[in-house]
Structures are given as C-alpha cells and as structure tokens.
Amino acid sequence: MKHFIPIITIFIFISSCQYLSKDGEWEKIELDKSELHFNSSGGEQTVTVLNYDRWWISGGYETTEYKDGNLTYRNYVYPQSSDGESANTYDILDGGWYRVVVPQKGESKKAVITVDQNLITYPRQATIQMQSGDAFTNIFIYQP
C-alpha cells in the first residue's frame, strides 16, 4: 500500500494540471457578425467576440493583390494604443474613411467600427484583422 500512495499522488497531480495549448491550437474567434454593410451615408456598428474576454486590433487594409508573386496590401494601416506606444493595447485604428476602437482601452469584447460618408462614385471595402492570444479573425466592411 505504501507504494501506491506516491503513484496515486502523481496521478492526481498530473490530472489536476491545466492543459496548456500549443501555438495554433487556440479556439477560433467567434463573432456575432463578421460582415458589416454600411450605406453611402456611413454610420457606426459594433461587433462582439463571443468566446474570448478581450481582443485587439492587428491591422486593417482595403484590398490585396499579387505583384511579382507576392501578396501585397493596399492602404495597410497599423493599429495604435490609446495609452501611447509603450502600452501595447492596440485598441484604435484609423483607416482614413473607417475607424475602429476597442472600448475600455482594449479590455472589451466589442469593437466599434465607424465609417464616413462615401462621396466618391465607387464602392469601398476594408478588412479589419483582429486577434486574441494566438487566435485570429477578420471583420469585413462594405460600403456602396
């Protein structure tokens, strides 16, 4: 019986340890909506992440194209931190005609997207890249 106590202790210890996921094994980010359609007047809409407590902006761009065999982004925009460069919250993004804010300095499950009025004669679209840990997703913006 003395020999079984250490074995049982080790078994209990191992089974009580929290599973640590490997890179790339994070649960896919689930959203309440991934496409936002604005009319030519613009407006504001909110997207909510359903399965993580917080997220941040990775970047935004209008379109992609291949040049010389490489994928390039048109009008790529990097996010900023509302508390300055050293904060690393990446909670704001200004794409010129569209803007994204993660409220509460990035401590939110929401992203608020604002689109300006479209005064040009062609449709606009943008992709917002979002991240939570090692999970990623895109929010697509369309405006006629």
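This text goes with the structure placed above it.
Definitions and cut-offs
Residues numbered from 1 in each chain as written. Predicted model: local features only at pLDDT ≥ 70, side-chain atom pairs only at ≥ 80, totals over all residues. Heavy atoms only, no water. Helix = DSSP H or I, 4+ residues; strand = E, 2+ residues; numbered from the N terminus. Buried < 20%, exposed > 50% of the residue type's maximum accessible area, 1.4 Å probe, protein only. Contact = heavy atoms within 4.5 Å. Pairing = 2+ DSSP bridges. Patch = residues over 30% accessible without salt bridge, like charges linked within 9 Å, V, L, I, M, F, W, Y side chains within 5 Å. Areas by Shrake-Rupley, 256 points an atom, 1.4 Å probe, with all protein chains shown as cover. Salt bridge = Lys/Arg side-chain N within 4 Å of Asp/Glu carboxyl O. Axes fitted to C-alpha atoms, helices over the stretch in contact; angles between N-to-C directions. Phe/Tyr/Trp six-rings, centres within 6.5 Å; stacked < 30°, edge-to-face > 60°.

Q: Lay out the overall build of the protein in plain terms, naming residues and giving numbers.
A: A count of helices and strands for the protein gives one helix and ten strands. Reading the secondary structure of the protein in the N-to-C direction produces α-β-β-β-β-β-β-β-β-β-β. Buried residues in the protein amount to 33% of all 144 residues. In the protein, once contacts between residues fewer than 6 apart in sequence are set aside, the share between residues at least 24 apart is 54%.

Q: Report on the pairing of strand E7 (residues 98-101), specifying residues and quantitative values.
A: Working note: regular strand, side chains alternate between the two faces of the sheet. With burial as the criterion, only one face of E7 is covered, namely that bearing Tyr98 and Val100; the residues Arg99 and Val101 on the opposite face remain uncovered. Across three bridges, strand E6 (residues 92-94) lies against E7 in antiparallel orientation. By the bridge assignment, Ile92 is partnered in E7 with Val101. Connecting E6 to the next strand, E7, in antiparallel fashion are three residues, including Gly96 with a positive phi near 90°. Two strands pair when backbone bridges link them, and E7 and strand E8 (residues 110-115) are joined in this way by four bridges, in the antiparallel orientation.

Q: Give me the lowdown on a nonpolar patch on the surface, citing residues and values where you can.
A: Taken together, the side chains of Tyr66, Leu71 and Tyr73 present a nonpolar region at the surface, about 350 Å² in accessible area. Assignment of secondary structure puts Tyr66 in strand E4 (residues 63-67).

Q: Now, about the sheet that holds strand E3 (residues 56-61): what can you tell me, with residues and values included?
A: Spatially, four strands are ordered E1-E10-E9-E3 in an open sheet, and the strand pairing comes out mixed. Of all the strands in the sheet, just strand E1 (35-37) and E3 have a single pairing partner and so form its edges. Along the sheet, successive strands turn relative to each other by an average axial angle of 20°, direction set aside.

Q: Break down the packing of aromatic side chains for me, citing the residues and quoting the values.
A: One pass over the full model with this rule turns up six aromatic pairs. A centroid spacing of 4.9 Å and a plane angle of 65° characterise the contact between Tyr76 and Tyr78, whose relative ring orientation is edge-to-face. Grouping aromatic residues by their ring pairs yields a cluster made of Tyr61, Tyr73, Tyr76 and Tyr78.

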